[in-house]
Amino acid sequence: MYPSLNRTLVNGKKVEWRDFAALAHHFGYPGVDVDLGPAMKEGASQTKDFLASKALKPAVLGCPVNFREDESKFNDTLKDLPAAAKFAAEIGCPRMTTWVMPSFDAPKAEMWKLLRTRFGAIAKVLADHQVRFGLEYIGPLHLRKRFPHLFACTLSEMLALAREAGPNVGVLLDSWHWHHAGDTLADIESAGKDAIVHVQVADAPKLPPEEIRDNERLFAGEGVIDLKAFFATLQKIGYEDGVSPEVFGRGIKEMPLEEGARLGYNT
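Criteria and cut-off values
Residues numbered from 1 in each chain as written. Predicted model: local features only at pLDDT ≥ 70, side-chain atom pairs only at ≥ 80, totals over all residues. Heavy atoms only, no water. Phe/Tyr/Trp six-rings, centres within 6.5 Å; stacked < 30°, edge-to-face > 60°. Helix = DSSP H or I, 4+ residues; strand = E, 2+ residues; numbered from the N terminus. Lys NZ or Arg CZ within 6 Å of the ring centre and 35° of its normal. Pairing = 2+ DSSP bridges. Axes fitted to C-alpha atoms, helices over the stretch in contact; angles between N-to-C directions. Core = buried A, V, L, I, M, F, W, Y, C linked by side-chain atoms within 4.5 Å. Buried < 20%, exposed > 50% of the residue type's maximum accessible area, 1.4 Å probe, protein only. Contact = heavy atoms within 4.5 Å. Polar contact = N/O pair within 3.5 Å; in protein donor to acceptor, adjacent residues only side chain to side chain. Parallel < 35°, antiparallel > 145°, perpendicular 65-115°, else oblique. Nonpolar A, V, L, I, M, F, W, Y, C, P; charged D, E, K, R; others polar.

**Student:** Looking at this model, I keep getting lost on the packing of aromatic side chains. Mind explaining?
**Tutor:** Describing an aromatic ring pair means giving the distance of the ring centres and the angle of the ring planes. In this structure the tally under the stated criterion is eight aromatic pairs. Seen from their ring centres, Phe 119 and Phe 133 are 5.7 Å apart, and the 75 degrees between their planes marks the pair as edge-to-face. A residue pair is termed long-range when its members are at least 10 positions apart, and Phe 119 in helix 6 (residues 108-127) and Phe 133 in strand 6 (residues 132-136) qualify at 14 residues. An aromatic cluster is defined as three or more aromatic residues linked by ring pairs; in this entry it consists of Phe 67, Phe 119 and Phe 133. Cation over ring: Lys 57 sits above Tyr 2, and NZ or CZ is 4.5 Å from the ring centre. For Arg 68, the ring lying beneath its charged end belongs to Trp 99, and the centroid distance is 3.8 Å.

Here's what the structure looks like:
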């Protein structure tokens, strides 16, 4: 495992892609979350050479497909995926991820069928370039209750959807959501190494579930999540890829540019 700089650590600050990656290098991050759009504009060869010059591993890319709106929007954005998947493979980052709301206006069965189909179409394109696709589930209670119908909001449920979508589909495991979903270390062990595409980390304050808000997280070691056991379990199953500190809130917007990145690495 290795730490990777995530955009949330410079939240609200307009930092160009190369400057962002240079910030990761400055603080000693072995990896960086790659900004797909700007990096693709530079080209795969240039991006690969730039990352190598900074001794940075490309940890993960966001999936550019809009699966949240109507069929027309989905199909329009799906057309651009082959080029993005090819780029991911060429820079040595065969991992793309997205997040999935834990509740919807539509019933669970209806959304399951729709997302299984759409994620399956995405996975098929990614598989042509040996790229894996990670689905992130969301744990906090206020988001589970945001819409009338509860959806997949645990590791086991999201993994079930992933497996139905395709053999190259797994989960993005975030300690924050894992904790608030009520998941356990045994759930991580049961999922196994092959199921986890990427890992994110944040800590949680000691508050009742009703008072937890997704945009108020803590740096690792500042809260109540047993992250030592979390990472020991990841090590046990053989996880070897990036870990991105994803910390919303915590006063990062008011910090100097470098401070969030420094805290993310040091904790």
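**Student:** I'm lost on the sheet that holds strand 10 (residues 242-245) in this one. Help?
**Tutor:** Each strand in a sheet pairs with its neighbour through backbone hydrogen bonds, running either in the same direction (parallel) or in the opposite one (antiparallel). Pairing is parallel in the closed barrel, where eight strands are placed in the order 1-2-3-4-6-8-9-10. Across the sheet, the axes of successive neighbouring strands diverge by a mean angle of 35 degrees, strand direction being ignored.

**Student:** Got a minute to help me understand the nonpolar core in this structure?
**Tutor:** Soluble globular proteins tend to bury their nonpolar side chains together. In terms of nonpolar packing, the biggest core is built from 86 residues, with Leu 81, Phe 119, Ile 122 and Leu 173 touching the most fellow members. A total of eight residues in this core trace back to one element, the largest contributor, which is helix 6.

**Student:** Sorry if this is basic, but what is going on with the pairing of strand 8 (residues 169-174) here?
**Tutor:** Here strand 8 lies mainly inside the structure; six of its six residues are buried. Relative to strand 8, strand 6 runs parallel, the two being bridged by four bridges. The partner of Phe 133 across the bridge, within strand 8, is Val 169. Taken together, the four bridges between strand 8 and strand 9 (residues 196-201) define a ladder with parallel strand orientation. Paired with Leu 172 across the two strands is His 198, which belongs to strand 9.

**Student:** Could you clarify how one ought to interpret unusual backbone geometry in this entry?
**Tutor:** Trans peptide bonds make up the majority, and among non-glycine residues the majority have a negative phi. With a phi close to 55 degrees, Ala 55 is a non-glycine residue in the positive phi region. Here Ala 55 shows up in the loop between helix 3 (44-53) and strand 3 (57-62). Backbone geometry at Arg 250 places phi at a positive 60 degrees, although glycine is not the residue there.

**Student:** Please explain the environment of Leu 135 as it appears in this structure.
**Tutor:** Following the sequence through the fold, Leu 135 ends up in strand 6. A residue is classified by how much of its surface remains accessible, and Leu 135, at 0% relative accessible area, is buried. Here the alpha-carbon distance between Leu 135 and Arg 250, two residues 115 residues apart in the chain, equals 25 Å. Excluding anything up to four places from it in sequence, Leu 135 contacts Thr 98, Phe 119, Met 158, Leu 161, Ala 162, Val 169, Gly 170, Val 171 and Leu 172.

**Student:** Honestly, the side chain of Asn 6 in this entry has me stumped. Any pointers?
**Tutor:** By the element assignment, Asn 6 lies in the loop between strand 1 (2-5) and helix 1 (17-26). Residue classification places Asn 6 among the buried residues on the basis of a relative accessible area of 7%. In this structure the side chain of Asn 6 is engaged in a polar contact, spanning 2.8 Å, whose partner is the side chain of Thr 8. Apart from the residues lying within four places of it in its own chain, the contact partners of Asn 6 are Phe 20, Asp 33, Gln 200, Ser 244, Pro 245 and Glu 246.

**Student:** Please explain the side chain of Arg 118 as it appears in this structure.
**Tutor:** As for its placement among the helices and strands, Arg 118 is situated in helix 6. With relative accessibility at 4%, the residue Arg 118 sits in the buried group.

**Student:** Help me out: how do you make sense of the packing of helix 4 (residues 71-78) against helix 6 in this one?
**Tutor:** Put simply, helix 4 and helix 6 touch, their axes get as near as 11 Å, and they point 10 degrees apart. When the axis of helix 4 is compared with that of helix 6, the two are roughly parallel. Judged by residue contacts, Glu 71, Phe 74 and Leu 78 of helix 4 engage Arg 118, Ala 121, Ile 122 and Val 125 from helix 6. Broken down by class, the residue content of the contact of helix 4 with helix 6 amounts to five nonpolar, no polar and two charged.

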